[in-house]
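Results of the structural survey
These are the residues of each chain, in order.
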Amino acid sequence: MNKKTRTIAVLLLSAMATTACIPASSSTASATMATPIASVSSSLEGPRDAKEVEAFADSVITDVMKKYNTVGTNFAVVADGKVLLSKGYGYADKEKKIPVDKDTVFQIGSVTKTFTALAAMQLVDKGKIDLRGDIQKYLGGVKIPNKTGKSLTMYDLLTYSTGFDSPDIASYYSPEYVNKNFPIKDFVRSHMSAVVRPPGEIYTYDNFGFLLAGYAVENVSGMPYSKYMEKNIFKPLGMTSTNVRITPELLGRMAAHYGPKGEKIPMDGTIPTEKPEGGIVSTADDMAKYLLMHLNKGKYDGKEIVSQKSIEQMQTYQLFADKTIPIATIGFEGYFHEKMNGQHVVLKGGNVTGHSSLIVILPEKNTALYMSNNDDNPYVSIDVYEAFMNHYYPRKTEVPKPTYSAISEQQAKAYVGLYKNTRIDAMRTKVSYSNGNLVLEAGAAGKQTLKMIHPLLFEDESGTKITFKKNAAGHIAYMYSTRLPDLVAFSEKINVDSPFSDVPANSKYKSYINNLNALKVMIGKSSHIFDPKGTMTQGEFSEVLLRAHGMHKQPYMIEPNKKQMKAGLPNYQPNSPITRQMAAVMIQNLKQVEPRTKVKLSGKTDAWAVEAIKALVSQGIIDPDTKVKSDGSVNFRSKELLKRQEASALLDQAFNYYILPISH
């Protein structure tokens, strides 16, 4: 898995089973389609016997941990007002041989969002926050840029439908931030995303929205977020090992953090220090208490933590991609609908570097589970969740096969175009038309034929559902896929009409230039002038490359990507012109394509650039004026200065929707 793939994975994971994404081409992605573990018919109506639950968990979790080389995990199951299981497996620290137990502390990542939603709903219950009122009046004077004409509300924040342009603007993670204090107030005042889509219109997994919700809790309550949570949620629930801040005592019980190869890695600190979107630490015993409160309609040990009305809103889907595809409640989500086996399930996952968590609630079955593991692989808990559902709530009826309708070329025009994911710029999709069907092309996911179930719902060959959504004007403006990694957000349709008078209609570079301009990756010298044959400085190309790469809105990735981009360059000078060979090396440093066919370079190329150029050319990532001869030889014109139109072709093919190898 290359660095970009790994990063997208971590992002989706905070979204689904949390905040991260794994492209369909990666080896781990196959886990989503794997044969379910313990997929057996059962006469059980949910978990009821503690010994049976433990036997089930011992078998399944042992197998899953072995499958993913997981070091340690904890697992809790509650049902009918009782804790049936709270148990640890493996090691909290394998080097010190410290086992995981029910009191081992884990960072629960984005599961924190459900607690923030709970805090906000408490204030709604008290009449201190209007759920549907303008959020501005709860932010202490902090202004949110918003030109949509529609107010942003607490409801929008808690249902992942803010319309923010940069939903991960608060994603600052690094070991260097440990033991430092960065207040939420200071961060929000210096970092603010703009509302660019009407709030409530579409789902986009949104870390900043929940940070802002937590900031509103601070302002309205008059106390720091951490103090509010301790006083109004943790103490009333008896969650004595749960905190927004990592105290020395909790740190002493915290599971070590491990990377994808089982190596111990340092714990990240964050900016801001208190993170309403992902900063809570807890234990299996404490999380069991939280789940019992949810199942008991907001009450715990005779105390009302939140009203029944509010808890029902948290457990009822508010946003849908289609009436058959639930996405979000207040605080919770509905990923992997096919794993629900026809039951009403809400879930929330969370990932930080080295820890992953998941909570699952079946309100109608009075059952819930919690799981954490000390690596950031979400498939550990997803596989256990799938096994749990197949064991205790197996699907009793077959899902009927949909019937399909042909779509005419004229009808297809409304859908055809370029779409960009509203959370992760790196994820771009092209929709075209062929022989009565739409065709979806999305890089690593390949080409998929979409068959129409009804005019806004389609299905591809693998059974993945694709939905489309109209805007207020009645035009198709958004697309949503239930496939990883696309499910982190709707994708927005982009206008690719050419605005440039100096790019001829018959130019071989026109489509590349238009794509990058539409995506705001590489814009013109002015609104109507592109300067296709002009050159670029190394600094200018670097900025465009980082936008093309698509991870530039993830703050913790900016500096690592800049460093990686320049690796192996003998003399990077931002103000000097860039050559074609330098551009190729910088692209390959971030793209990391695997060489395919053998390529022989003719002409002059410096040794440090040879392998990068060969790799790109072998995958078809070349500009239209560079031709590969029948014997595999090519003159890349390595030492010539890179023209702007050539940069557009290389970057568009390397980082947009094209399937490798690219055919020319």
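Every value quoted in this text rests on a predicted model; they were computed, and no experiment measured them.

Rules behind the numbers
- Residues numbered from 1 in each chain as written.
- Predicted model: local features only at pLDDT ≥ 70, side-chain atom pairs only at ≥ 80, totals over all residues.
- Heavy atoms only, no water.
- 1 Å grid on protein atoms, 1.4 Å probe; cavity = no way out; pocket = protein on both sides within 12 Å on 5 of 7 lines; lining within 4 Å.
- Points joined across faces, edges and corners; volume = space filled by probe spheres on them.
- Helix = DSSP H or I, 4+ residues; strand = E, 2+ residues; numbered from the N terminus.
- Nonpolar A, V, L, I, M, F, W, Y, C, P; charged D, E, K, R; others polar.
- Buried < 20%, exposed > 50% of the residue type's maximum accessible area, 1.4 Å probe, protein only.
- Contact = heavy atoms within 4.5 Å.
- Salt bridge = Lys/Arg side-chain N within 4 Å of Asp/Glu carboxyl O.
- Polar contact = N/O pair within 3.5 Å; in protein donor to acceptor, adjacent residues only side chain to side chain.
- Pairing = 2+ DSSP bridges.
- Axes fitted to C-alpha atoms, helices over the stretch in contact; angles between N-to-C directions.
- Core = buried A, V, L, I, M, F, W, Y, C linked by side-chain atoms within 4.5 Å.
- Arc of directions from axis to C-beta.

As for empty space enclosed by the protein
- Approximately 60 Å³ is the volume attributed to the largest cavity.
- In terms of lining, the largest cavity is formed by T429, L440, A442, M479, Y480, S481, R483, D486, A489 and S491.
- If you tally residues by element for the lining of the largest cavity, the top one is strand β23 (residues 476-481), at 3 residues.
- By residue class, the composition of the lining of the largest cavity is 5 nonpolar, 3 polar and 2 charged.

A closer look at the side chain of N514
- Here N514 lies in helix α13 (residues 510-518).
- With relative accessibility at 9%, the residue N514 sits in the buried group.
- With sequence-adjacent residues up to four places away left out, N514 is seen in contact with V496, S498 and P499.

With respect to the pattern of salt bridges
- Evaluation of the coordinates by the stated rule reveals 31 salt bridges.
- Of the charged contacts, one joins K87 and D58 as a salt bridge, the two residues approaching to 2.9 Å between their closest N and O atoms. Here D58 lies in helix α2 (residues 50-68) and K87 lies in strand β2 (residues 82-93), a separation of 29 residues in the sequence.
- D286 is paired through a salt bridge with K289; the nearest N and O atoms lie 3.9 Å apart. With D286 and K289 both in helix α9 (residues 284-295), this residue pair falls 3 residues apart, about one helical turn.
- Judged by relative accessible area, K289 falls into the partly exposed class, the value being 23%.
- Taken together, the salt bridges that share partners define one network made up of R580, D623, R637, E640 and E646.

Here's the deal with the side chain of D623
- Within the secondary structure layout, D623 lies in the loop between α17 (610-618) and β26 (633-635).
- Here the side chain of D623 touches T626 through a polar contact of 2.8 Å, side chain to side chain.
- Each residue touching D623, except ones within four places of it in the same chain, is listed here: Y509, R580, R637, E646, A649 and L650.

With respect to the environment of K598
- Structurally, the position occupied by K598 is in the loop between α16 (580-591) and β25 (600-602).
- Accessibility expressed as a relative area gives 82% for K598, which makes it exposed.
- As for K598 and L457, which are separated by 141 residues in sequence, their C-alpha atoms are 43 Å apart.

Some details on the sheet that holds strand β15 (residues 355-362)
- Strand order in this open sheet of 6 strands is β3-β2-β1-β16-β15-β14, and the pairing throughout is antiparallel. Strands with a single pairing partner mark the edges of an open sheet, and in this sheet they are β3 (98-99) and β14 (346-352).
- Set on the sheet, α2 makes contact with β1 (72-79), β2 and β16 (367-373); between it and β2 the angle comes to about 30°.

Things to note about the sheet that holds strand β24 (residues 491-494)
- The sheet built from 8 strands closes into a barrel, its strands ordered β17-β18-β19-β20-β21-β22-β23-β24 with antiparallel pairing. For this sheet, the mean angle separating the axes of adjacent strands, direction not counted, is 35°.
- Where strand β21 (residues 457-459) and strand β22 (residues 465-470) come together, 3 bridges link them in antiparallel fashion. From the neighbouring strand, F458 faces β22, where its bridge partner is I466.

Re the nonpolar core
- Counting 125 residues, the largest nonpolar core has F75, F115, M154, L158, Y203 and M229 as its most contacted members.
- Ranked by residues supplied to this core, first place goes to helix α11 (residues 379-392) with 9 residues.
- Ignoring sequence-local partners within four residues, the contact set of F75 consists of A57, I61, L85, S86, K87, Y89, L369, Y370, M371 and V384.
- In this structure, I513, A548, M565 and L590 belong to the second largest nonpolar core, which totals 51 residues.

Concerning the environment of T467
- Relative to the elements of secondary structure, T467 occurs in strand β22.
- Judged by relative accessible area, which is 0%, T467 ranks as buried.
- For T467 and F541, which are 74 residues apart along the polypeptide, the C-alpha to C-alpha distance reads 36 Å.
- Ignoring any residue separated from it by four or fewer positions in sequence, one finds T467 in contact with A321, D322, I325, L456, L457, Y478, M479, Y480 and F490.

Quick word on unusual backbone geometry
- Going from L484 to P485, the amide bond is cis rather than trans, its omega being 0°.
- Topologically, P485 is positioned in the loop between β23 and β24.
- Geometrically, the link from L660 to P661 is a cis peptide bond, its omega value of -5° lying close to zero.
- Secondary-structure assignment places P661 in the segment after α18 (644-655).
- Look at N366: it is not a glycine, yet its phi comes out positive at around 55°.
- If you trace the backbone, N366 turns up in the loop between β15 and β16.
- For N366, a relative accessible area of 23% gives the class partly exposed.
- The phi dihedral of Q592 falls on the positive side, at around 55°, and the residue is not glycine.

Examining helix α7 (residues 225-234)
- With 7 of 10 residues buried, α7 is to be regarded as a mostly interior element.
- Residues of α7 that are buried include every one of Y225, S226, Y228, M229, N232, I233 and F234, and no others. Looking straight down α7, one finds that the buried residues subtend no more than 160° of arc, so they occupy a single side.
- Buried residues along α7 sit against α3 (112-125), α5 (184-190) and α6 (207-221).

Some points on the pairing of β22
- The antiparallel hairpin formed by β21 and β22 contains 5 residues in its connecting segment, where G463 sits at a positive phi of about 95°.
- In terms of strand pairing, β22 meets β23 through 5 bridges, oriented antiparallel. Across the sheet, K470 pairs through a bridge with I476, a residue of β23.
- Remark: 5 residues form the turn of the hairpin made by β22 and β23, two consecutive strands paired antiparallel; G474 in that turn has positive phi of roughly 90°.

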